[in-house]
Structure formats: structure tokens, C-alpha cells
Amino acid sequence: MHDKVKSRSRRAIPAVSKILDSLGQIDLPRPLIVDLVRQELAQIRRQGHIPAFATIVDLVCASIEKLRASRIQPVINGTGIVVHTNLGRSPLPQGAGEVLRNVASSYNNLELDLTTGERGTRGLYLERALAILCQAEAATVVNNCAAALVLVVRHFTQKKNQVVISRGELVQIGGGFRIGEILEASGAKLREVGATNKTTLADYARAIGKQTALILKVHRSNFFMSGFVESPSTTELSALARKKRVPFVEDLGSGAMSATEQIGLHHHEPTPTEALNDGTDLVCFSGDKLFGGPQAGIIVGRNRLIAALKSEPLFRTLRCDKLVFAALQTTVDLHLNQVMSEIPALALLQIPKDELRARAAAMVTRLQGLPVKITIGSATAKIGGGTLPKSIVPSITLDFLPENGSVQDFARVLRQSVPPIIGYIGNGRFRLDLRTIFSHQDDLVIDAIRTVCTKSHHKGHEEHEDGI
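Residues numbered from 1 in each chain as written. Predicted model: local features only at pLDDT ≥ 70, side-chain atom pairs only at ≥ 80, totals over all residues. Heavy atoms only, no water.

### Quick look at the environment of I343
- In this structure, I343 sits in the loop between α14 (322-336) and α15 (344-349).
- When its relative accessible area of 0% is taken as the criterion, I343 is described as buried.
- Separated by 12 residues in the primary sequence, I343 and T331 have C-alpha atoms spaced 7.4 Å apart.
- Contacts of I343, omitting those with residues within four sequence positions, involve P93, F291, G292, T331, L334 and H335. (Helix = DSSP H or I, 4+ residues; strand = E, 2+ residues; numbered from the N terminus. Buried < 20%, exposed > 50% of the residue type's maximum accessible area, 1.4 Å probe, protein only. Contact = heavy atoms within 4.5 Å.)

If you want it as C-alpha cells, here you go:
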């Protein structure tokens, strides 16, 4: 009897084709939609309870919208975090976007020497430009800074396996990854020295032995320590490394190319040039943080060491493609020409607060008469991306308190706009920080808010009528 009931229950589940017919035209590939419908029906079958057909269609539609929202697309960043990892870190310069379109939609000379017609060297121009920019003997590029660290460690630990590193520099980076785990996965055996807050030069000297492959210094780019704190300088460590005849590598992470004080930040971020001048053999850093380019791991330093890294079999698995090269070389050119105003991450940090306030006032004027209370607030934007954690930048926000519906609903509907608008909730209001919203996006923000308020007003009016 139970099997008969179960059989009838299964027959009550609608066919995939019937649900597809009810969905109408959807702007996603049909195989994706078919797979999604099958997954929803399988879930219903496991639960045993079969909802009404209309409810099943609603569940499928909600899943389709969630799938569509997961596609990579432009968003408006109103969080006040300039290098936002969840939002793709640094936006590319306009010129890089144009070069990307041209290179991506045609063939290119990635590995062709146009002067001889023979096979060329990948990244020749880019590596030379990076070396000049960082005042290094040589440079190369892999797909991110973690990959750069893996490549360096794998190369140096083939015959000796110990990496000397301070306990105060065993940093955890985004996504739960830890520097120590990355090093161990590269085949290294960690030789931790010092204490969390205090490491001396003598600690390093005592740790260096026959199995020491390199000394690694990791810049604390995503946190800071104060109080009873001590650590040797790059100059001191490089002198010790030379004396002991072991390589000295520094992971700087953030990729600042010039003094961060010059762009209005209160704390100094070490640059690759400074590290190399202080005696570091190799320096690695990210391309998509303060450097302002695409995701990449840039390695600069001594020519013989860069050449050795490029000869590693692992290098091929970590190398960048034509699109990264195209975007990165455009960004490098801007740095070399000192046109910082065209590098968005740096330009956003330098916008005067008065200019942001004027934009906010103009937007408030254009949004008058909507069922939402709008005020202009002060805020502190952040650099983000694990960079300069102590530095904050004065900023201006638009703060929204909707008359109909909750602040959470207001934020959710704006996330569903085209393009999505991302802000944050603070002090009981939805806030948009203008520091990270480009001025040409103001019209899009205004249109989205008008649409949200109109929808919420109509919804509130219908609910009121239902109540009557």
C-alpha cells in the first residue's frame, strides 16, 4: 500500500517539459535551465511533499534568478572600501579596458616577434617595463601573489627545505588561507623565529643553518601591532642574509608604487623599489591592489633569480594569459608616465571631501519627494584588500531610511538593480559611500533609488488597501 502511495506521489510531480513551457523565454542557456529544473524536482522528490504546480514554478523562477545573479557583472560599489576583494578589487583604468576589448576580440602577438617573424618571448615588454618601474634588474609575472610566493619557495627549497620566518608574520589572508600553510604546501619546512610581537635579528641569526633555503619577510599589510613590538628592518635582514649567504625574499602584497603619503594616506606603505634598495633579493606583490591593475603576482629582483624562476616547470602552470598581460602593461605605462589620475583606485582615494559633499547635495535635491528620508552623512572610507589597515579616508555618504519597508529590504532590492548597487547598513540606515561611486554612476544610482521607492510605495499602498 505504501509503495502505491509513493508511486502516485511521484506521478504527481510535473514533467520537466511542462515546467519549461510555463517559464516562457529566459535569457540563459537552455541546458542550464533544464538542469536547474531537474535539481528542483529532485529536491521535491526527496522531501516527499509535492507543492502545487504554481509553487513549483515559483521555486524554479527563484532559483533561476539566483543563478543569473551569480554571473560576473558590473556593480556599483557604495561600501567605501576602495580595494574590495568581494567586488573584484581595483577597477581597471579606462585605457586598459579598451586594450582588453581589442586584444580579446582578435589575434595578437603574445608569443610572436614582429620584427623577425619568429616565435617571441611572452611578456617581454611588460617584464622590462616592470623592472624599470621598480628599479629592479628583472621582473616576471604569475597569476597572483600567492602563486608568486609558491613559485619562489618551490624553487629555493629543492635542495634545502627550511624557510626562516617570524612568528609575527604568519599572516592569514582572505578566504581563510594562511601564509604558513601556503609555504608548507610548496614543500617548505617552516623555521619560525621570535614571538608574535617581538622578533630580533639574533632570532634570525640563530635559526639559520645548513638546511636554510631562504629568509622570508612578509609585510603585515592586513593588520598592525602596537605596544611592546619589535622586528628587524629590511636593511638588517638583507645584511644578515648576505653574511649567511642565503636568499632574502620579501612579500609586500599591496603593490604601492610611490609614497602613500602623497595620495593623502597617513601611513607609509613600503614600495618594491625601497625593498630592493634595502638589499632584498626578490620582492613579490599583487597587481590588483594599490598597483591598480588586474589580478597578478609580480616578482621583481635579481636577474639570475628571475631567470631561474622562469625556467621552473611550475612557472608554466602559473603564467598569465593575454588578457592579463594586456591590462597589466597598460597599467604599468600609466605608472611610468606618472598619470595616477587614470588609475581608478588611486584617483578615488584623492577626491576632495568637498567634491563628494557637493555631489551628495545634488543627488539629494534630485531625489526629493520620494517616500524615503535621505540625509548626508560623514564616514571614513577604507583602502581594503588587506592594505594599510590603519589608514582611513574621510568620506561622505547618502543615508536612506525608507518610509515603507525595512532598511534590509531596501538594500536587497538595490542589490537586484541593473546594475546592482552595493552599500551597507549602519546606524539603522542604508548608506552609500560616494568615495567608491564614480561620478558618472550618480545618474544610475538616482534612477535605481527612484525605482525602488516607487515599487515600495505601490506595495505599501496595496497592503493598506488589503487591510481596509
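There's plenty left to go through after this.
### Some words on the environment of L336
- Tracing the chain through its elements places L336 in helix α14.
- Remark: the alpha-carbon pair of L336 and I26, spanning 310 residues in sequence, is separated by 47 Å.
- Not counting the four nearest positions on each side in its chain, L336 is found in contact with A129, I132 and L133.

### Re the sheet that holds strand β4 (residues 189-193)
- Sheet architecture is open: seven strands sit in the order β2-β8-β7-β6-β5-β3-β4, paired in mixed fashion. The outermost strands of the open sheet, each flanked by one partner alone, are β2 (138-142) and β4. Taking each pair of neighbouring strands and ignoring which way they run, the sheet shows an average axis angle of 25 degrees.
- Sheet analysis places strand β3 (residues 162-166) next to β4, joined by five bridges and oriented parallel. In the sheet register, V163 faces β4, and the bridge partner there is L190.
- Sitting on the sheet, helix α10 (residues 234-244) is in contact with β5 (212-218) and β6 (248-253), with an inclination near 150 degrees to β6. (Pairing = 2+ DSSP bridges. Axes fitted to C-alpha atoms, helices over the stretch in contact; angles between N-to-C directions.)

### Considerations on the nonpolar core
- Among the nonpolar cores identified, the biggest contains 44 residues, and F400, F410 and I449 are the most heavily contacted of them.
- Elements supplying a minimum of two residues to this core: α15, α16 (353-366), β9 (372-384), β10 (387-402), α17 (407-415), β13 (429-433) and α18 (442-467).
- A total of six residues in this core trace back to one element, the largest contributor, which is α18.
- For F410, the residues in contact, after removing those within four places along its chain, are V372, F400, P402, F430, I449, V452 and C453.
- C145, V163, I165 and V218 belong to the second largest nonpolar core, which has 30 residues in total. (Core = buried A, V, L, I, M, F, W, Y, C linked by side-chain atoms within 4.5 Å.)

### Re the environment of K159
- Inspection of the secondary structure puts K159 in the loop between α7 (145-156) and β3.
- Spatially, the C-alpha atoms of K159 and A213 are 7.8 Å apart, while their sequence positions differ by 54 residues.

### Points about unusual backbone geometry
- Following V418, the chain continues into P419 via a peptide bond in cis, with omega recorded as 0 degrees.
- As for its placement among the helices and strands, P419 is situated in the loop between α17 and β11 (421-422).
- Phi angles above zero are rare outside glycine, and Q135 is one such case at about 55 degrees.
- Assignment of secondary structure puts Q135 in the loop between α6 (124-134) and β2.
- Residue Q135 is classed as exposed on the basis of its relative accessible area, which comes to 56%.
- Located in the positive-phi region is R245, a residue other than glycine, with phi close to 60 degrees.

### Description of the side chain of D442
- One can find D442 in helix α18.
- Excluding anything up to four places from it in sequence, D442 contacts R359, M363 and I437.

### Re the pattern of salt bridges
- Scanning all chains against the criterion turns up 18 salt bridges.
- The residue R89 makes a salt bridge to D288 at a minimum N-O spacing of 3.2 Å. Of the two residues, R89 is situated in the loop between β1 (76-77) and α5 (94-104) and D288 in the loop between β7 (282-286) and β8 (297-301); the sequence distance between them amounts to 199 residues.
- Residue classification places D288 among the buried residues on the basis of a relative accessible area of 6%. (Salt bridge = Lys/Arg side-chain N within 4 Å of Asp/Glu carboxyl O.)

In short, geometric facts, not functional conclusions.
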